[in-house]
Amino acid sequence: MNRSDLRGVDFKLLVVFETLMQERSVSRAAERLFLGQPATSAALSRLRDVFGDPLLVRTGRQMVPTARAEQIYEQLQPALDAISNVLSSTSEFDPATSEAVFRVGFSDDIEFALLPALLKRLRTEAPGIVLVVRRADFHLMPQLLNTGEVTVAAGYARDLPANAKQKILRHSRARVLRADSRPGALTLDAYCERPHALVSFDGDLNGYVDDLLAEQGRKRRIVLAVPQFNSLASLLRDTDMVATVPDYAAEVLAAQGGLRVDELPLERPPSPLSMVWQSVYDNDPAERWLRSRIQMMFSDEEA
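Per an unreviewed UniProt entry, the chain goes by the name LysR family transcriptional regulator and belongs to Salinicola lusitanus. For the chain, the Sequence similarities (unreviewed entry) comment in UniProt is given as "Belongs to the LysR transcriptional regulatory family."

Participant: What is the right way to look at the overall build of the chain in this model?
Facilitator: For the chain, the helix and strand inventory stands at twelve helices and twelve strands. Out of the 303 residues in the chain, the part that is buried amounts to 43%. Expressed as a percentage of contacts within the chain between residues at least 6 apart in sequence, the contacts between residues at least 24 apart total 73%. Carbon and sulfur atoms provide 50% of the accessible area of the chain, an area that totals close to 16,200 Å². The positive charge centre, built from 36 side chains, and the negative charge centre, built from 41, are 2 Å apart in the chain.

Participant: What is the right way to read the environment of Val150 from this model?
Facilitator: Topologically, Val150 is positioned in the loop between helix H7 (141-147) and strand E5 (152-155). When the C-alpha positions of Val150 and Phe106 are compared, they lie 9.8 Å apart, and in sequence the two are 44 residues distant. Those residues within four positions of Val150 in sequence are excluded, and the remaining contacts are Arg103, Val104, Gly105, Arg134, Leu144, Leu145 and Gln278.

Participant: So what exactly am I meant to see when it comes to the nonpolar core here?
Facilitator: Most often, soluble globular proteins keep nonpolar side chains buried together rather than apart. With 38 residues, the main nonpolar core has Phe106, Leu232, Ile294 and Phe298 as its most contacted residues. Among all residues touching Leu232, those that are not within four sequence positions of it are Ala197, Val199, Val226, Ala243, Val245 and Leu253. Counting residues in each nonpolar core, the second largest holds 19 residues, with Phe17, Leu20, Val26 and Leu44 among its members.

Participant: Which parts of the structure should I look at to understand the packing of aromatic side chains?
Facilitator: The description of an aromatic ring pair rests on the distance of the ring centres and on the angle between the ring planes. Enumeration according to the criterion identifies six aromatic pairs in this entry. Judged by centre distance (6.1 Å) and plane angle (40°), the rings of Phe102 and Trp289 are tilted. Of this pair, Phe102 sits in strand E3 (residues 101-106) while Trp289 sits in helix H12 (residues 285-298), placing them 187 residues apart in sequence. Residue Phe102 shares its accessibility class with Trp289, and that shared class is buried. Here the basic side chain of Arg268 rests over the ring of Tyr208, its NZ or CZ set 3.5 Å away from the ring centre.

Participant: Hey, could you run me through the sheet that holds strand E8 (residues 195-199) in this one?
Facilitator: The pairing of strands in a sheet comes from backbone hydrogen bonds and takes either a parallel or an antiparallel form. Pairing is mixed in the open sheet, where five strands are placed in the order E9-E8-E10-E7-E11. At either margin of the open sheet sits one strand with a lone partner, and together these are strand E9 (221-226) and strand E11 (260-263). On average, each strand axis in the sheet is inclined to that of its neighbour by 35°, with strand direction left out of account. Where strand E7 (residues 174-178) lies against strand E10 (residues 242-246), five bridges are found, and the strand directions are antiparallel. Looking at E10, one finds that Val176 is bridged to Thr244.

Participant: Looking at this structure, how should I read the side chain of Ser274?
Facilitator: In this fold, Ser274 is placed in strand E12 (residues 271-278). A relative accessible area of 1% means that Ser274 is categorised as buried. When sequence neighbours within four positions are dropped, the list of residues in contact with Ser274 reads Ala153, Ala154, Gly155, Ala157, Gln166, Lys167, Ile168 and Leu169.

Participant: Whenever I open this one, the layout of surface pockets confuses me. Can you help?
Facilitator: Empty space left among the atoms is revealed by rolling a probe the size of a water molecule over them. Approximately 1,100 Å³ is the volume found for the largest pocket. Taken together, 34 residues form the lining of the largest pocket, with Arg32, Thr147, Gly148, Gln278 and Tyr281 sitting closest to its centre. Looking at side-chain class alone, the lining of the largest pocket contains twelve nonpolar, eleven polar and eleven charged residues. What the second largest pocket holds in volume is close to 960 Å³. Lining the second largest pocket are 33 residues, and of these Phe138, Tyr156, Val199, Ser200 and Tyr208 lie nearest its centre. Those elements that place two or more of their residues in the lining of the second largest pocket are helix H5 (108-113), E8, helix H9 (208-215) and E10. Partitioning the lining of the second largest pocket into residue classes produces 15 nonpolar, eight polar and ten charged.

Thresholds applied
Residues numbered from 1 in each chain as written. Predicted model: local features only at pLDDT ≥ 70, side-chain atom pairs only at ≥ 80, totals over all residues. Heavy atoms only, no water. UniProt positions renumbered as here; feature names shortened; annotations may be inferred. Helix = DSSP H or I, 4+ residues; strand = E, 2+ residues; numbered from the N terminus. Buried < 20%, exposed > 50% of the residue type's maximum accessible area, 1.4 Å probe, protein only. Contact = heavy atoms within 4.5 Å. Areas by Shrake-Rupley, 256 points an atom, 1.4 Å probe, with all protein chains shown as cover. Lys, Arg positive; Asp, Glu negative; His and termini not counted. Charge placed at Lys NZ, Arg CZ, Asp CG, Glu CD. Core = buried A, V, L, I, M, F, W, Y, C linked by side-chain atoms within 4.5 Å. Phe/Tyr/Trp six-rings, centres within 6.5 Å; stacked < 30°, edge-to-face > 60°. Lys NZ or Arg CZ within 6 Å of the ring centre and 35° of its normal. Pairing = 2+ DSSP bridges. Axes fitted to C-alpha atoms, helices over the stretch in contact; angles between N-to-C directions. 1 Å grid on protein atoms, 1.4 Å probe; cavity = no way out; pocket = protein on both sides within 12 Å on 5 of 7 lines; lining within 4 Å. Points joined across faces, edges and corners; volume = space filled by probe spheres on them. Nonpolar A, V, L, I, M, F, W, Y, C, P; charged D, E, K, R; others polar.

Set out below in structure tokens:
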């Protein structure tokens, strides 16, 4: 096919194909594209005619791509990224008048401790925009980015999609929260003896603290796990429980009153807190503005 033949190509079909490959479901792809399921099925039928291949074959409840579909998808993604970048670089963004919808992913600690300041800034500069926040811990972040359900995310990142970009916002240190007024910092012995509360989105009771303790032949006793940070302060008050949390979350929780912050009595290097985004939005003026505000409000002085 030469360049003149591209005049007969419906590029909307290529976007449908990309979404079908990501979702492996006609109904979910239709929902993401704001299309009816019959229209999405019709688009898939046209794509099969264009490429002369079934592309996606139903197996049980899932659509499984053919080898030809995988090959097309691998070549198509960077091409669509390039087209999107060209188009977005020619557009303008005025935050004061924009009514854009931004879809972001934040881990619970960031949503609790850092989002309020970001939201205040956004409401001042861009009162007409809509911010849709999805919960995105390091397990969920790669999938949310890969499927386009979020365009930018912040948290502890790993196993990111190949087309994702990443910027470290700060290096966080662990802090220990407790409600008692006993003088002095917690020793390691006292830390291990006290009952522990933790925030665990998926209910996992083992984390980096337990790995560090295990290296020294020690362990802690977890008596409470909750899925989010916003109730932690009230749960710790009037108890002998301690909780190990990121420093920025510890500051906000302690500011609510009744809690004190100690150093973690274990050696642990700071953890990088990152902002990640899809490369397709790298030059989009609206997304660049949003990323600049996230960096402004989430970064620390060292970063």
